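Understanding the architecture of this molecule
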Amino acid sequence: MVTLAEVAQHAGVSASTVSYVLSGKRSISANTRQRVERSIRELGYHPNAGARALASSKSNIIALMIPLRTDMYVPVMMEIAIAVATSARTHGYDVLLLTGEEGPDAVRRVAGSGLADGMILMDVELDDERLPLLRATDQPSVLIGLPADTAGLTCVDLDFHATGALCVEHLAKQGHQDVALIGEAPAVYERHTGFAERTLDGLRSRSRELGVRLLHRPCEGGYDAMAVTLARILDERPGTSGIIVQNESAVEPLLALLRQQGRAVPEDVSVVAICPDQVATQASVRLTSVAIPAQEMGRHAVEHLVAKLEGRGSDEVVLIAPELTVRASTGPAPSRS
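Reading guide: rules and limits
- Residues numbered from 1 in each chain as written.
- Predicted model: local features only at pLDDT ≥ 70, side-chain atom pairs only at ≥ 80, totals over all residues.
- Heavy atoms only, no water.
- Helix = DSSP H or I, 4+ residues; strand = E, 2+ residues; numbered from the N terminus.
- Buried < 20%, exposed > 50% of the residue type's maximum accessible area, 1.4 Å probe, protein only.
- Contact = heavy atoms within 4.5 Å.
- Areas by Shrake-Rupley, 256 points an atom, 1.4 Å probe, with all protein chains shown as cover.
- Lys, Arg positive; Asp, Glu negative; His and termini not counted.
- Charge placed at Lys NZ, Arg CZ, Asp CG, Glu CD.
- Pairing = 2+ DSSP bridges.
- Axes fitted to C-alpha atoms, helices over the stretch in contact; angles between N-to-C directions.
- Core = buried A, V, L, I, M, F, W, Y, C linked by side-chain atoms within 4.5 Å.
- Domains from an automatic or database assignment.

From N to C terminus, the protein chain includes 14 helices and 12 strands. Taking the principal axes of its C-alpha atoms as reference, the protein chain extends roughly 90 × 40 × 30 Å. Evaluated residue by residue, the protein chain yields a buried proportion of 50% over its 337 residues. Residue pairs at least 24 apart in sequence account for 70% of intrachain contacts in the protein chain once pairs closer than 6 positions are excluded. Carbon and sulfur atoms make up 49% of the accessible area of the protein chain, which totals about 15,600 Å². Charged side chains of the protein chain number 32 positive and 41 negative; the gap between the two group centres comes to 5 Å.

The next subject is the sheet that holds strand β4 (residues 141-144). Through backbone hydrogen bonds, the strands of a sheet pair up, either in parallel or in antiparallel fashion. The parallel open sheet is built from 6 strands, whose spatial order is β2-β1-β3-β4-β5-β11. The sheet is open, and its two edges are formed by β2 (94-98) and β11 (317-320), each paired on a single side. Ignoring which end each strand starts from, the neighbouring axes of this sheet average 20 degrees apart. As paired strands, β4 and strand β5 (residues 155-158) are joined by 2 bridges and run parallel to one another. Residue pairing in the sheet places I144 in a bridge with V156 of β5. Sheet contacts for helix α6 (residues 104-113): β1 (61-65), β2 and β3 (118-121); angle to β1, the most-contacted strand, approximately 175 degrees. Against the sheet, helix α14 (residues 294-309) makes contact with β1, β3, β4, β5 and β11, and its axis sits at roughly 165 degrees relative to β4, the strand it touches most.

Moving on, we come to the nonpolar core. Counting 45 residues, the largest nonpolar core has I80, I120, I144 and I244 as the members making the most contacts within it. Mapped onto the domain boundaries, this core takes at least three residues apiece from domain 2 (61-158 + 294-320) and domain 3 (160-292). Look past the residues within four positions of I144 in its chain and what remains in contact with it is I80, V84, I120, L121, M122, D123, V124, V156, M297, G298 and A301. With 26 residues, the next largest nonpolar core counts A180, I182, V271 and A273 among its residues.

In structure tokens:
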């Protein structure tokens, strides 16, 4: 590995001058700086991360807290994580991934150890137990998600309240009067996870305004759980003609069960999904859907965190407007006759 001393010798300057160029702690003439930077490029020198952190009090690392739970659709979470890592790299930061369900302990560990310059938190609950500690620390942070109280926080998320409203509006315009939401696993609602609760709230309030009867049933996902959930919905509301799915693991089992029961999509039942475009377009029936803007969410989160780290950011809530794409799974409500 190339050393700082070798860079200094190659550039014809002292080792301390190379160090000052790297840290920016002292003013160096443009000519000397260019010479040092040229030597760094030509020799392929990379500063030792630990030494650099000690010298500058910065780690150039962003901690991404992303609890990987069995009741969440991990591919979406990882797509957001990749977007965070890619965007962070363009700003000169690496990402430390924390996947355990440590809650406040993870915030305390990062804030107290200097492991990272800032934090991005995912899987945010309405009354997230990490938030009091987050508000008490001076370390910059951004949430990908929306808690009940956003005071003193920077949050980035899809507007899930508007997403729920948009889905039921689309079905109501097609004449559907009985609509069911097949939601996430029960544990997601028991934790009061923000995105699921806000979607449900948006659906309920807009359904009331439109005169649509709404039924909400959580589902673990998978064929067996979906069979029980669908049977319950059709038993309780036999006239259900519109289904909204916010559970990627339930999408294909739902379509398979509807086929087995002789219910055509969309002639007998219309289906709208809240899911990544890849899930919607690769389903056995191309689904009308509201996409999860994972790339945009990750990029916005990093940009707002970097702005805070550079002293030019402020607390704000950024909600990405939902976009519904109509495909083959929705159509006019069947005649009640």
